[in-house]
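Spelled out from the first residue to the last, the chains are:
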Amino acid sequence: MEFKQSTSIMFSNFSLVFKLLLYVLIVTLIFVSLVSAIVIPVFRQITAAESMGYLVDNTRDHVQTFLQGNSSIMSTYEVLKVDIIAIWETFFSAGGAIAAVCIGVFILYILYKFLLSLSFMPTSDILNNFMSSNLRYGFLSNFTLNIRRSVKFSLLSVLIFLPIDAAIIVTVGSLFIGAWQIIKVFALPIALVVGIFLCSFRQSLFAGWIPRLLFHPEEKIFEALKKSYIETKYYRKTLIAAFAIVYFIYWALTGALTASTFGLMLLIIRPMNFVMTRIVELVGYYKINRMRFYTDANTVVDTVAVGLREENQEKINQ
């Protein structure tokens, strides 16, 4: 039910997806530009070395020999394996430069995550205004209005989510590598299912954080986090199920449409996932607190149990 209602809300506010798409593109372009400014000079310096040039030319010659029919598949595979290993070792022999690049890219990635998460609170605020009052606000004006709290929220959320995400990646990666040695290609769906569950569980732990900040602006960021965790405790299973559906569809669409659309659909799928995540959080918060909300301009969902609604209570009293 949560997913169905969240989907209805998203399509009622689909223009928000395009606004968020523009924001994600701008942030991504900034990130790619900064990473390129760090990586490209170092890469050129390493590839310009005489030893690297010899290895690249040698690899090219082996490929041409195979294409001309003068070498078998197995012999070509063996020599290319040696060439690629040599290129890899030569590239990473510049340890200091590679380490500096890795540190620089990691710092920029943290900045990238911070800038992306700045959009979460204004996105939730826009959706909340629609759900509570059927009102619509612009993204830029709301982004500016919430910028101070968004900065505080983004800083803390990045610090919290980075180690959690790293732990999930290590867990899923280790599971995949271990399972691959036993069941080969069947390891992929198992790793995907485990990854979706872990991401859904992680998201459910923080699902009430942004809604709590919106409804209780007097609370500090960390105080809202602690109270939201307690508030969503008994709704956790439902939230995990809703997030699991959202993430499963996200990865299914990513896998199905990446090749067929040359990656273009990824541009729209990611902001859609951001919006759906924020909506599921809000729907969960509304239901926990038994509040009514709009799913579209003509439909209002009453989250109070039928027997406890005011109109039914009046009939009972009469």
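Basis of the calculations
- Residues numbered from 1 in each chain as written.
- Predicted model: local features only at pLDDT ≥ 70, side-chain atom pairs only at ≥ 80, totals over all residues.
- Heavy atoms only, no water.
- Helix = DSSP H or I, 4+ residues; strand = E, 2+ residues; numbered from the N terminus.
- Buried < 20%, exposed > 50% of the residue type's maximum accessible area, 1.4 Å probe, protein only.
- Contact = heavy atoms within 4.5 Å.
- Core = buried A, V, L, I, M, F, W, Y, C linked by side-chain atoms within 4.5 Å.
- Phe/Tyr/Trp six-rings, centres within 6.5 Å; stacked < 30°, edge-to-face > 60°.
- Lys NZ or Arg CZ within 6 Å of the ring centre and 35° of its normal.
- Salt bridge = Lys/Arg side-chain N within 4 Å of Asp/Glu carboxyl O.
- Arc of directions from axis to C-beta.
- Axes fitted to C-alpha atoms, helices over the stretch in contact; angles between N-to-C directions.
- Parallel < 35°, antiparallel > 145°, perpendicular 65-115°, else oblique.
- Nonpolar A, V, L, I, M, F, W, Y, C, P; charged D, E, K, R; others polar.
- Left-handed = near helix turned anticlockwise from the far one by under 90°.
- Pairing = 2+ DSSP bridges.

## Remarks on the overall build of the chain
Along the backbone of the chain there are 14 helices and two strands. Relative to its 318 residues, the chain shows a buried fraction of 39%. Taking the intrachain contacts of the chain between residues at least 6 apart in sequence as the baseline, contacts between residues at least 24 apart amount to 73%.

## Structural notes on the nonpolar core
The biggest cluster of nonpolar side chains holds 59 residues, and the ones touching the most others in it are Ile9, Met131, Phe153 and Trp209. Looking at this core element by element, the count peaks at 10 residues for helix α13 (residues 266-288). In this structure, isoleucine 9 is in contact with Leu127, Phe130, Met131, Ile279, Val283, Phe293, Tyr294 and Thr295, ignoring residues within four places of it in sequence.

## With respect to the packing of aromatic side chains
For the structure shown, the criterion picks out 17 aromatic pairs. Put simply, the rings of Phe153, Phe161, Phe206 and Trp209 pair up and form one aromatic cluster. The aromatic ring of phenylalanine 120 is capped on one face by arginine 278, whose charged end is 4.4 Å from the ring centroid.

## Here's the deal with the pattern of salt bridges
Applying the stated criterion across every chain yields a total of seven salt bridges. For lysine 227, the salt bridge goes to glutamate 219, with nearest N and O atoms at 3.4 Å. Among the ionic pairs, aspartate 302 bridges to arginine 292, the shortest N-O distance being 3.2 Å. Of the two residues, aspartate 302 sits in the loop between β2 (299-301) and α14 (310-317) while arginine 292 sits in the loop between α13 and β1 (293-296), which places them 10 residues apart along the sequence. Judged by relative accessible area, which is 19%, aspartate 302 ranks as buried. Through salt bridges with shared partners, one network takes in Arg212, Glu219, Glu223, Lys227 and Glu231.

## Remarks on unusual backbone geometry
Of note in the backbone geometry, asparagine 134 takes a positive phi value of approximately 60° without being a glycine. Mapped onto the elements of the fold, asparagine 134 is located in the loop between α6 (120-133) and α7 (139-145). Of note, lysine 184 is a non-glycine position whose phi angle comes to about 55°, a positive value.

## Some points on the environment of leucine 20
Mapped onto the secondary structure, leucine 20 falls in helix α2 (residues 14-47). Sequence separation of leucine 20 and threonine 123 is 103 residues, and the distance between their C-alpha atoms is 8.2 Å. Contacts of leucine 20, omitting those with residues within four sequence positions, involve Ser119, Thr123, Phe139, Pro271, Phe274 and Val275.

## Digging into helix α11 (residues 221-231)
Of all the positions in α11, only Ile221, Ala224, Leu225, Ser228 and Glu231 are classed as buried. Down the axis, α11 shows its buried residues gathered within 130° of arc, on one side only. Against α8 (147-183), α10 (209-215) and α13 lie the buried residues of α11.

## Details of the packing of α8 against α11
For the pair α8 and α11, interaxial distance at closest approach is 10 Å and the crossing angle is 60°. As far as their axial angle goes, α11 and α8 are oblique. Across the interface between the two elements, Arg149, Lys152, Phe153, Leu156 and Ile160 from α8 touch Ile221, Phe222 and Leu225 from α11. Classifying every residue of the contact of α8 with α11 by side-chain character gives six nonpolar, no polar and two charged.

## Focus: the packing of helix α1 (residues 2-12) against α13
Interaxial distance between α1 and α13 falls to 9 Å at its minimum, and their mutual angle equals 125°. It follows that α1 is oblique to α13 by the angle criterion. Our pair here, α1 against α13, has a crossing hand that is right-handed. In this structure, α1 contributes Glu2, Phe3, Gln5, Ser6, Thr7, Ile9 and Met10 to the contact, and α13 contributes Met272, Val275, Met276, Ile279, Val280, Val283 and Lys287.

## Quick look at the pairing of β1
Looking along a regular strand, one sees side chains alternate from face to face of the sheet. Strand direction decides the pairing type here: β1 and β2, joined by three bridges, are antiparallel. In the strand pairing of β2, aspartate 296 is matched with threonine 299. Counting the residues between successive antiparallel strands, the hairpin from β1 to β2 contains two residues.

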